[in-house]
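Observations on the three-dimensional arrangement
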Amino acid sequence: MSTINAQCVGTNCCISGDAPSVSRVIGRSVVKMKVVMAPIEMVAWFDIPGTPRPIRFRHEGNVVKVEMIIRISEEKLAGNRVKVYECQSEVHGLMKQFQLKYELSSCKWFLYKI
């Protein structure tokens with residue numbers, strides 16, 4: 001397995017670790033995220049332009065409330081447009097960051113990283 005070591009130019013952010021598990025260093029805190037890419041059940045609301053906002057989801061029998069959306073971006077995954085949500089919530093008493101992906105063509109939600 002390959003090792004990833006990178007530092008963002010002009011910031012204090014570093015990314016290091018073994019693929020597919022990645023550690024992100026932001027300031028003094030370390031955030032470890034593991035690639036899962038699992039389909040999930042989602043409760044979301046849509047604003048007037050049609051942008052979905054995740055509220056809570058179920059993964060492996062546990063319901064996780066999305067407490068904060070840090071960033072929303074859009075990318076293409078295998079030619080399909082996907083909205084990527086970087087979120088933060090309390091899971092089992094610990095504050096965790098995770099990524100959710102919403103496939104626009106099929107209207108499916110995925111837990112990408114946690």
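Residues numbered from 1 in each chain as written. Predicted model: local features only at pLDDT ≥ 70, side-chain atom pairs only at ≥ 80, totals over all residues. Heavy atoms only, no water.

1. Considering the sheet that holds strand β7 (residues 52–59)
We count it as follows: In short, DSSP must find at least two bridges between two strands for them to pair. By the criteria applied, helices consist of DSSP H or I runs no shorter than four residues and strands consist of E runs no shorter than two, each listed in order from the N terminus. Lines fitted to C-alpha atoms define the axes, with helix axes restricted to the stretch in contact, and inter-axis angles between N-to-C directions lie between 0 and 180 degrees.
Strands sit in the order β6-β7-β8 across an open sheet of three strands; the sheet is antiparallel. What marks the edges here is a single partner per strand, and that holds for β6 (41–46) and β8 (62–65). Averaged over all neighbouring strand pairs, the angle between strand axes comes to 20 degrees, with direction disregarded.

2. Considerations on the pairing of strand β10 (residues 80–91)
We count it as follows: Think of it in three bands: with a 1.4 Å probe and only protein chains considered, a residue is buried below 20% of the maximum accessible area for its type, exposed above 50%, and partly exposed in between.
Buried residues dominate β10, accounting for nine of its twelve residues. Where strand β9 (residues 68–77) folds back on β10, the antiparallel hairpin that results is connected by two residues, among which Ala78 adopts a positive phi of roughly 55 degrees. Pairing between β10 and strand β11 (residues 94–103): ten bridges, direction antiparallel. Paired with Val91 across the bridge in β11 is Leu94. Turn length for the β10-β11 hairpin, with the two strands adjacent in sequence and antiparallel, is two residues, and the turn residue His92 shows positive phi of about 55 degrees.

3. A word on the packing of aromatic side chains
Remark: the centre distance and the inter-plane angle together describe each pair of aromatic rings, the angle taken between the planes. Going by this rule: Note on aromatic contacts: the rings of Phe and Tyr and the six-membered ring of Trp form a pair at centre separations within 6.5 Å, being stacked when their planes are under 30 degrees apart, edge-to-face when over 60 apart, and tilted otherwise.
Taken as a whole, this structure holds four aromatic pairs when the rule is applied. Note on Phe46 and Tyr102: the rings are 6.5 Å apart at their centroids and 70 degrees apart in plane angle, and the pair reads as edge-to-face. Note that Phe46 is positioned in strand β6 and Tyr102 in strand β11, a separation of 56 residues in sequence. Note on Tyr102: relative accessible area 6%, which makes it buried. With centroids separated by 5.6 Å and ring planes inclined at 40 degrees, the aromatic side chains of Tyr85 and Trp109 adopt a geometry described as tilted. Of the two residues, Tyr85 is situated in strand β10 and Trp109 in strand β12 (residues 108–113); the sequence distance between them amounts to 24 residues. Put simply, the rings of Phe46, Tyr85, Tyr102 and Trp109 pair up and form one aromatic cluster.

4. Observations regarding the sheet that holds β10
The antiparallel open sheet is built from five strands, whose spatial order is β5-β12-β11-β10-β9. Taken across any chain shown, the strands that pair with only one partner, and hence form the sheet edges, are β5 (35–39) and β9. In this sheet, adjacent strand axes meet at a mean angle of 25 degrees when their direction is disregarded.

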